[in-house]
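# Architecture and fold: a report
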Amino acid sequence: MANRGSHKPNGSSPMCQFKLVLLGESAVGKSSLVLRFVKGQFHEFQESTIGAAFLTQTVVLDDTTLKFEIWDTAGQERYHSLAPMYYRGSQAAVVVYDITNQDTFARAKTWVRELEKQGSPNIVIALAGNKADMANKRMVEYEDAQAYAEEKSLLFMETSAKTAMNVNDIFLAIAKRLPRNDDSGNRQRTQGQHLEDKDRREVKEGGCCSK
Amino acid sequence: MEPKAAIQEFLLKCNGHELCIDCIRCDIVPAWTSGHHILALVSSGASIEAEQGLFLFKYTAEILSAVEELSVETILPIKGDFRKHLVPIQNANVPSTKRAILQTSKVKVEIDVVSDSKEQNFFSRVDECVQANFEKIKRGISAQFHWIQRYQVPMPLVNQTRHGFDAFGMSTFNDFETKNHRQTVASSQFYPVRPAPKPPQPRSHSVHNPSAIQRDFLNPTAASAFEGGFFEDTYAMVDSNYATMKSENRLSASDASVERNPYANLAATPPKNATAEEEFSEYIHPSPPKPRQVTTNHPLVQTSSSSSTSSSSSSSSEEDGTETAKDALKFEDDFYPRVQPTKPPHLPPRPYKQKQTKPSSTFYMDQVIADGPGDEYSEVTAFTGSATPYGIREEVLKRREKDYTYLEPFRIFIGTWNVNGQNAAHSLSDWLMSDGSPPHIYAIGFQELDLSKEAFLFNDSVREEEWRVHVEKYLHSDGKYTLVRLVRLVGMMLLVYVREGQKRFVREVITDTVGTGIMGKMGNKGGVAVRLMFHNTSLCFINSHLAAHLDEFERRNQDYNDICQRMRFEKDDGTFYQIRDHEFVIWMGDLNYRISDLPLEVVTDKIEKRDFRVLLEHDQLNKQLDLHKVFHQYIEGQIGFKPTYKYDPGSNNYDTSEKQRIPAWCDRILYLGSIAKQLVYRSHDTLLLSDHKPVSSLFEVQVKVVDESKFRKVIEEEIRKVDRRENEALPQLSISTNEIHIGDLHFMEMRKFTLDVANVGQVDTGFSFVNKLDEKSYCKPWMRIQPPKGFICVGEFQEIKIKIEVNKQTACFLNSGQDKLEDILILRLDNGKDYYITVNGTYQPSCFGASIETLVRMVEPIREMKIEEIQRMVQEQTDWSEESEADITTEKFDIPKEIWMMVDFLFRNGLETEELFSKGGFHEELVAIRDTLDTGIPEAMPGSIYSIGEALMLFLECLREPVIPYEFYNKCLEASNNYTLCKQVLKKLPRSHRNVFKYLAAFIRELLLHNDDNKLDQKTLATLFGELFLRTPPSEKEKESQMSASNRRTLGQQRTRKKASFVYQFIINEYDE
């Protein structure tokens, strides 16, 4: 399960692949965020996800490339018990809430707790306050969410799948925070390894992964 | 002539330089000398470390009279892991033979010796020799014989024509096949060596058997066949007196060769032979050998003649050698025609350098002039956009190259000089620093850098370092340079330097070398090359030294072709570049083309007048270029300088020696590729060291430089494309529904649903229902899915049948509320997404699947109770084991009313019915009975006696706890033979269960009273009710499942018997408390 899709032929050079899962109450915009990120599209009436959608997206950082295998999960409560199938083995998670709905923020917090307890030990969690374009209906204050994110060492951004605001940014921020191991890709060039070393150092110094 | 002296002289003649052999123990195998073989341990004194080889020489005359009669047959490189041992071998045909095995990790020589009085010293001599040098050998460095590996290079077929002459025994050099992926034991000798046992008469026999000679003489492949190294795993066996060196896998080798025409290239051979001879003579024979010697010296001719000798003169063989000779003859007859064979024409060469250095395409630079090693990597690590760590195919990036590169001119300095083996001395400024501004790249080629024996035999040269250091002193003083790569083969060396600031744009540096000298492989002639990527432009520099002598222009052409064909720059992935795969190719070197057909005086005169036109018309290279014989499509700049050869060293005078060589433009620079402009092309007359003048040229090359931001953009675009394609290629299904509503469901009621699944994606896909995390099955036990997995092609659809039925196994969990009629099915696509299908419904509790304890407390029919109430009652009574008599206060029936109703019906109506319990009822009647029992107390039970009978059995089967609770299962079985014990167990049963048991036992006894009518017997009923009362507990079933099938059967039979026996006790005895 954890390795599904990670051995697809994808070109000449190997690269780092990471599994990323989206979690959050239903209708907060998980699928919309993925659709915006992967395809640059937005549908006003996105179908409810009944299942788990799988998509891939490659991200180019300054020096390396990494590929996300994105698992967009069903948000409905009755599918809650199935979520571990997707977040187990994930190196990253985006927990999404809807800034116009306080309950979804509460639900996001329980997702974070669950990930802390049962997710991969070094999972990188990002908190996304979606529907930022509907700030006039805001029910969750930016500061509250930010404070919570800081407390839990989460990446945090308010996003809008509709306007694309911060959508790429939040995935890039995750990409930057992900540790890149030498063994995650057989780099042909020594430069690559050096870069990875350097990068890892930076990550360490930044302390963003340490909890 | 004393053999030792002969060998010394021989080796001396090999390269005409000072003696570097300090230890020749050629007297170690005197018996061999009689067989015209000398085994000599040869060490090079030039090195402190022992550099040694066991040389097997052979010679042709009875008495070694001239050095020319000696040739090297094979060389066993000796390294630290050298081993030797002797084994006696049993051979019916060879009485008392011993085999000496001399072995390193690379090669193994086996020498079989018939124990003959003459030979008795042999092994002790070998031993002595090895012992004497063993310590030295152990210190031997492994690199010393790399040159041998080097010459495994297979020859393209076109080249074989010239290899007939194996004067140096060079064929052996190619036999040490050491493929990277396997450790091979290679042969050192392949064609049978068969000195005649009696005074040999090779020449006379060669006359007698001319065909034999011709066969071999004309067939150069006999020698060159081994070059390809397909004789891997072969051994050389030398029978000192008679027999042969044979290859151990000669069958396969010779089989392979049989298929080839051994006489291929016959026509071309003889003249080429002569050529080879002459070439060789330049190295080994200072004077042209006498014709007779050519013949006798030719190992192939020698071999065949001696073989024919043995065939024709076997009668004259020594007594104990006859059989061996015959044997060997037979062997040889088989072997001979096949041994001239062939080899894979295009095996990749194994450049010896790369084995000891880093992988060829790894970025590699030797820092030479950099300020300090510290900043080396930081610069190297900088982003070089043109590599592809992005998962995008190189081809894609190549196609879009123009979108992210721009052209920028860079200057490349090319220098070539044949230094005639001189020590590095004098200033090189006039040559290397003759331009105002420093070039970005230097590529400097030397020829005849080192004419020493070590260089030739071991490719080991002190001059390499000497000249490198010297060159670096004279690189342009306005620039700092880093050595990109040094590559050398014998005397050919190529140095590539890059300006400090540009070094991070140099990558994929790969080198290769090709020897085209003696035997077409030795490194005295040939080429060395470096290829690299500079920014996004591929460059290739070749430095070559082609065949010498005025008339040999065709050989030079051939050398050029050989180099082109065999030069391979191997990448990490096993593929390789060839010379013409590069955007800009520079070919420099002592190409050795001469001015022909003009008398010396004319040439000298024209040179003095600097009237080069006529001379250039007579320049062989120009002629060959015009004829498209060589350097096809290469461009050479206009020559405006005097011929660069041959000068009296230390002067600017052309050759004044007696040879009076005609001056020639030996040293040239050609290029291929339209991206360069040649700025200058010149020679440098002020350098007097050599008999050649250095030549140089400066090129301005339009190099594709990567615009990193544009490159990034392209990368991102391409990645988007890849992602989009990949995401589009993910399978997509459309499913008719995500929800299956079962509604109300009763016991024994089946519902069927159909799921239509259509493949609406762009790829065919497999699908399967998968287990949820930590679950053992993909669906609940009351559900069946058909098919649970499958494959749907694009545009097709599949029906998936879902059946839901609560049966005796699943009823109790649903009854008790432990399970619910709910499930989520996960339909997973191969490599894609998951679809959820929710299944839900409400289970209607039934007395079927309830427990005795619950039922005895139910005054009302179960259907009239609320589910919560039932569940509460279930919870309350779960711990019945702690039941005490005090509980009697609770209002309870003695036995469940449902049991009473069914038994009572049977008691009143069915005691005399035949086939009761064995004849099945009807489903509809069973459903009616279920409803009757669940909904109320009817006046009369519906259905037939048989249906009631089956319903009773089903009821007992479905009980959550069997009549004898699982806890008492084992005790009952243990007690089953003893009524008293049985009673004791029974007493401990919970009261309701005991009541049911007693009640049913009484009913059984009642039935048996009517056995005349109903035909039931004790055994049948005991067995039937035994199974119903004593259901095997799940824990026991689990144990059973781990047993072997036969054990399980035996155990099952035992248990059935015991269960029946237990019930039987209460059939024959009327139990009463």
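The coordinates are above.
What comes next is a walk through the structure. (Residues numbered from 1 in each chain as written. Chains lettered and ligands numbered in written order. Predicted model: local features only at pLDDT ≥ 70, side-chain atom pairs only at ≥ 80, totals over all residues. Heavy atoms only, no water.)

### Here we look at the overall build of chain B
Counting its secondary structure elements, chain B contains 37 helices and 31 strands. Per-residue burial for chain B yields a buried fraction of 59% across its 1073 residues. Put simply, of all contacts in chain B between residues at least 6 apart along the chain, 73% involve residues at least 24 apart. Surface accessibility of chain B: about 42,300 Å² in total, with carbon and sulfur atoms responsible for 50%. (Helix = DSSP H or I, 4+ residues; strand = E, 2+ residues; numbered from the N terminus. Buried < 20%, exposed > 50% of the residue type's maximum accessible area, 1.4 Å probe, protein only. Contact = heavy atoms within 4.5 Å. Areas by Shrake-Rupley, 256 points an atom, 1.4 Å probe, with all protein chains shown as cover.)

### Some words on the pairing of strand S15 (residues 537-545) of chain B
Residues and elements named next belong to chain B. Of all 9 residues in S15, 9 are buried, a share of seventy percent or more. Of the two faces of S15, the one carrying Thr 537, Leu 539, Phe 541, Asn 543 and His 545 and the one carrying Ser 538, Cys 540, Ile 542 and Ser 544 are both buried. In this sheet, S15 lies alongside strand S14 (residues 526-534) in antiparallel orientation, the contact comprising 9 bridges. From the neighbouring strand, Val 530 faces S15, where its bridge partner is Phe 541. With antiparallel pairing between neighbouring strands as the criterion, S14 and S15 make up a hairpin whose turn holds 2 residues, including His 535 at a positive phi of roughly 50°. Two strands pair when backbone bridges link them, and S15 and strand S18 (residues 584-590) are joined in this way by 7 bridges, in the parallel orientation. (Pairing = 2+ DSSP bridges.)

### So, the side chain of His 692 of chain B
Residue and element names in this part refer to chain B. Along the chain, His 692 falls in the loop between strand S21 (676-683) and strand S22 (695-706). A distance of 2.7 Å separates polar atoms of two side chains, one belonging to His 692 and the other to Asp 667. Those residues in contact with His 692, other than ones at most four positions away along the chain, are Trp 417, Asn 418, Asp 590, Thr 644, Tyr 645, Cys 666 and Asp 667. (Polar contact = N/O pair within 3.5 Å; in protein donor to acceptor, adjacent residues only side chain to side chain.)

### Some thoughts on unusual backbone geometry
All names here are of chain B. For the bond from Tyr 645 to Lys 646, the omega torsion is 0°, close enough to zero to count as cis. Along the chain, Lys 646 turns up in the loop between strand S19 (635-636) and strand S20 (667-672). Cis rather than trans, the peptide bond between Gln 786 and Pro 787 has omega equal to -5°. The phi dihedral of His 628 falls on the positive side, at around 55°, and the residue is not glycine. Mapped onto the elements of the fold, His 628 is located in the loop between helix H23 (620-626) and S19. One non-glycine residue, Lys 1015, lies in the positive phi region at around 60°.

### Focus: the sheet that holds strand S11 (residues 481-489) of chain B
Residues and elements named next belong to chain B. Spatial ordering of the open sheet is given by S11-S12-S10-S9-S22-S21, a layout of 6 strands whose pairing is mixed. The open sheet has two edge strands with one neighbour each: S11 and S21. Here the strands of the sheet are splayed against their neighbours by 20° on average, with no regard to which way each runs. The pairing of S11 with strand S12 (residues 492-499) spans 8 bridges and is antiparallel. In the sheet register, Leu 483 faces S12, and the bridge partner there is Tyr 497. (Axes fitted to C-alpha atoms, helices over the stretch in contact; angles between N-to-C directions.)

### Here we look at the pairing of strand S26 (residues 765-770) of chain B
Residues and elements named next belong to chain B. Burial analysis of S26 places 6 of its 6 residues in the buried class, which makes it a mostly covered element. Here 4 bridges tie S26 to strand S28 (residues 789-792), and the two strands are oriented antiparallel to one another. Bridge pairing in S28 places Ser 768 opposite Lys 789. Relative to strand S30 (residues 822-829), S26 runs antiparallel, the two being bridged by 4 bridges. Bridge pairing links Ser 768 to Arg 828 in S30.

### Quick notes on the pattern of salt bridges
Residue and element names in this part refer to chain B. Enumeration according to the criterion identifies 46 salt bridges over all chains in this entry. For Glu 775, the salt bridge is made with Lys 772, and the minimal N-O distance between the two is 4.0 Å. Looking at Glu 775, the relative accessible area reads 38%, which means it is partly exposed. A residue is classified by how much of its surface remains accessible, and Lys 772, at 10% relative accessible area, is buried. Here Asp 823 makes a salt bridge to Lys 772, at a shortest N to O gap of 3.0 Å. One end of the pair, Asp 823, is in strand S30; the other, Lys 772, is in the loop between S26 and strand S27 (783-786), and 51 residues separate them in sequence. The same class applies to Asp 823 as to Lys 772, namely buried. (Salt bridge = Lys/Arg side-chain N within 4 Å of Asp/Glu carboxyl O.)

### Notes on the side chain of Asn 418 of chain B
All names here are of chain B. One can find Asn 418 in strand S9 (residues 405-418). At 2.7 Å, the side chain of Asn 418 forms a polar contact with the side chain of Asp 590. Of the polar contacts made by the side chain of Asn 418, one reaches the side chain of His 692; its length is 3.3 Å. Setting aside residues no more than four positions away along its own chain, Asn 418 makes contact with Gln 447, Glu 448, His 545, Asp 590, Asp 667, Ser 690 and His 692.

### Regarding the environment of Glu 114 of chain A
Residue and element names in this part refer to chain A. Looking at the element boundaries, Glu 114 is found in helix H3 (residues 102-118). Note on Glu 114: relative accessible area 13%, which makes it buried. The spatial distance from the C-alpha of Glu 114 to the C-alpha of Tyr 87 is 9.9 Å, given a sequence separation of 27 residues. Among residues more than four places away in sequence, those in contact with Glu 114 are His 80, Pro 84, Tyr 87 and Gly 119.

### Details of the sheet that holds S19 of chain B
The pairing of strands in a sheet happens through backbone hydrogen bonds and is either parallel or antiparallel. All names here are of chain B. Read from one edge to the other, the open sheet built from 6 strands follows the order S13-S14-S15-S18-S20-S19, with strand pairing classed as mixed. What marks the edges here is a single partner per strand, and that holds for strand S13 (506-515) and S19. Along the sheet face, helix H20 (residues 553-566) touches S13, S14, S15 and S18 and points at about 135° away from the line of S13.

### What to know about the nonpolar core
By size, the foremost hydrophobic cluster in this structure holds 99 residues, and its most contacted members are Ile 802, Phe 917, Leu 956 and Ile 964 of chain B. Examining the composition of this core, we find that 9 residues originate from one element, helix H30 (residues 945-958) of chain B, more than from any other. Non-local contacts of Leu 956 of chain B, meaning those with residues more than four positions away in its chain, are made with Ile 899, Val 963, Leu 1000, Phe 1025, Leu 1028, Phe 1029 and Arg 1031 of chain B. Judged by nonpolar contacts, the second largest core, of 66 residues, contains Val 28, Val 34, Val 38 and Ala 173 of chain A. (Core = buried A, V, L, I, M, F, W, Y, C linked by side-chain atoms within 4.5 Å.)

### As for helix H4 (residues 142-151) of chain A
Residues and elements named next belong to chain A. Of the positions making up H4, those classed as buried are Ala 145, Tyr 148 and Ala 149. Buried residues along H4 cover an arc of 100° about the axis, so they all sit on one side. Residues Glu 143, Glu 150 and Glu 151 are exposed on H4 and point more than 90 degrees away from its buried face. The secondary structure elements touched by the buried residues of H4 are strand S4 (92-98), H3, strand S5 (124-130) and strand S6 (155-158). (Arc of directions from axis to C-beta.)

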